[in-house]
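Next come the chains, spelled out residue by residue.
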Amino acid sequence: MGAITVGHVSFTTDPDTGMVIAHVVFDGDEGVFDGTYNTVTCKFNADFEYDASGDSGSAGNHIVTILEKTYTVVVPASEIVYEVTKSGTPDLANKCIEWTVDIAASQDGKNVDLAGYQFFDDLETVGTYIPNSFKVDGDLATPVVEGNTIRYVFPEGSASPKKITFKTEISDDAYYATTEQKVTNKAQLQDSEYAVKKESQIEVKFTPKWIEKAGVSSDKGSTGVYNPTNRTITWTITANQMGASLNNAVITDVLPAGLTLKSAAWQAWNGSAWGAEQVINPNANGEYAIGNIDSMILLTIVTNVPDAAYVTGIT
């Protein structure tokens, strides 16, 4: 009571019931008990911490008893932690990009069932979805395709985590380009009300490489007497580096004035080395008809350089 000590209180917890008990011993100042004061009012305060161990920590209402009074403690649901990670791998041989999206949700360290959640992806800037390429954990699944978007609602029993894969077609403008191409895409995890819970954006880069050419002269330079005769240039043309399936492939190479064809042959790449040479002759337009291919090829053209009198400079 103010500065006057009336007694002391101690707290114990019953080990069996968990009930908190206050034990008060009135051992305060003599004036409280010898008639000095005819009115004594005292109080005590205590702070308690809720024991959320075991089932007491589960979400919902829990009844607790403190000093013979009952209280309802409302334990809120723990926050659900969402994770969405997206990656993309260009497959230039098949003119597509394969996308992988890893989705996970956990609560209190436990995996959450994704039933009712939705996977959503807007493919407007990516490319056309390739039918029958959508898989969940490696099993074919059927998304809802509307315009340039795909949506998939997880069914019951979709325990987290989940891996989604699907393919989109590379546009002709990007596929037949000769410079680096960039494709940006964003995947989302939405709840049943279409609210975005988590999203992941990724940029995929690729540079289509269709053909390149190099040439080497047989004339390595003079070490004594220079004789500008019987010279050749060997041209090597490497094409279809992506290993695309091409029907009726034709390489056009028109020789510049002064050069004449000596021989030409082409080879296919078998994955580790060039295969056997196949002799080939161009038509009048300089077209070499290769035929149907599904691998990288090497066209080697050997040309004769016209004999000339002694000259200076480099041609």
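Up top is the structure these notes are about.
Small disclaimer: the values here were computed from a predicted structure and weren't measured.

1. Focus: the layout of surface pockets
Moving on, step 1. In this structure, the second largest pocket spans a volume of roughly 440 Å³.
Moving on, step 2. As for the second largest pocket, its lining consists of 17 residues, of which Gly18, Val20, Tyr50, Asp51 and Val64 are closest to the centre.
Moving on, step 3. Its residues assigned to classes, the lining of the second largest pocket shows 8 nonpolar, 7 polar and 2 charged.

2. Topic: the packing of aromatic side chains
Aromatic ring pairs: the centre-centre distance and the angle between the two ring planes describe each pair.
Moving on, step 1. One pass over the full model with this rule turns up 12 aromatic pairs.
Moving on, step 2. A centroid spacing of 5.6 Å and a plane angle of 25° characterise the contact between Tyr176 and Trp210, whose relative ring orientation is stacked. Taken together, the positions of Tyr176 in the loop between α1 (172–175) and β14 (181–190) and Trp210 in the loop between β15 (196–206) and β16 (211–217) put the pair 34 residues apart, joining distant regions of the chain.
Moving on, step 3. Note on Tyr176: relative accessible area 52%, which makes it exposed.
Moving on, step 4. Relative accessible area serves as the criterion here: at 16%, Trp210 is assigned to the buried category.
Moving on, step 5. Site record: aromatic cluster; members linked through ring pairs are Phe119, Phe134, Tyr152, Phe154 and Phe166.
Moving on, step 6. Lying over the aromatic face of Trp99, Lys86 brings its terminal NZ or CZ to 4.5 Å of the ring centre.

3. Points about the sheet that holds β15
Moving on, step 1. Pairing in this open sheet of 5 strands is antiparallel, and the strands run β11-β12-β8-β14-β15 from one edge to the other. Each end of this open sheet is capped by a strand with a single partner; those strands are β11 (144–146) and β15. Pairwise comparison of adjacent strand axes, ignoring direction, gives a mean angle of 20° for this sheet.
Moving on, step 2. One ladder, built from 4 bridges, connects strand β8 (residues 118–122) with β14; its direction is antiparallel. From the neighbouring strand, Asp121 faces β14, where its bridge partner is Ala187.

4. Focus: the environment of Ala257
Moving on, step 1. Note that Ala257 resides in the loop between β18 (246–252) and β19 (260–268).
Moving on, step 2. Taking the C-alpha atoms as reference points, Ala257 and Ile297, 40 residues apart in sequence, are found 26 Å from one another.

5. Brief notes about the pattern of salt bridges
Moving on, step 1. Under the defined criterion, the tally for this structure stands at 9 salt bridges.
Moving on, step 2. Residues Lys95 and Asp172 are paired through a salt bridge, measuring 2.2 Å at the closest nitrogen-oxygen approach. Residue Lys95 is located in the loop between β5 (81–91) and β6 (96–107), and its partner Asp172 is located in helix α1; the two are separated by 77 residues in the primary sequence.
Moving on, step 3. For Lys95, a relative accessible area of 17% puts it in the buried group.
Moving on, step 4. Between Lys213 and Asp253 there is a salt bridge; the shortest N-O distance is 2.6 Å. Within this pair, whereas Lys213 is found in strand β16, its partner Asp253 is found in the loop between β18 and β19, the two being separated by 40 residues in sequence.
Moving on, step 5. Classification of Lys213 by relative accessible area gives partly exposed; the value is 45%.
Moving on, step 6. With relative accessibility at 9%, the residue Asp253 sits in the buried group.
Moving on, step 7. Each member of the salt-bridge network shares a partner with another, and the members are Lys95, Glu169 and Asp172.

Each value, and the rule that gives it
- Residues numbered from 1 in each chain as written.
- Predicted model: local features only at pLDDT ≥ 70, side-chain atom pairs only at ≥ 80, totals over all residues.
- Heavy atoms only, no water.
- 1 Å grid on protein atoms, 1.4 Å probe; cavity = no way out; pocket = protein on both sides within 12 Å on 5 of 7 lines; lining within 4 Å.
- Points joined across faces, edges and corners; volume = space filled by probe spheres on them.
- Nonpolar A, V, L, I, M, F, W, Y, C, P; charged D, E, K, R; others polar.
- Phe/Tyr/Trp six-rings, centres within 6.5 Å; stacked < 30°, edge-to-face > 60°.
- Helix = DSSP H or I, 4+ residues; strand = E, 2+ residues; numbered from the N terminus.
- Buried < 20%, exposed > 50% of the residue type's maximum accessible area, 1.4 Å probe, protein only.
- Lys NZ or Arg CZ within 6 Å of the ring centre and 35° of its normal.
- Pairing = 2+ DSSP bridges.
- Axes fitted to C-alpha atoms, helices over the stretch in contact; angles between N-to-C directions.
- Salt bridge = Lys/Arg side-chain N within 4 Å of Asp/Glu carboxyl O.

Limitation: the analysis is restricted to geometry and does not speak to function.
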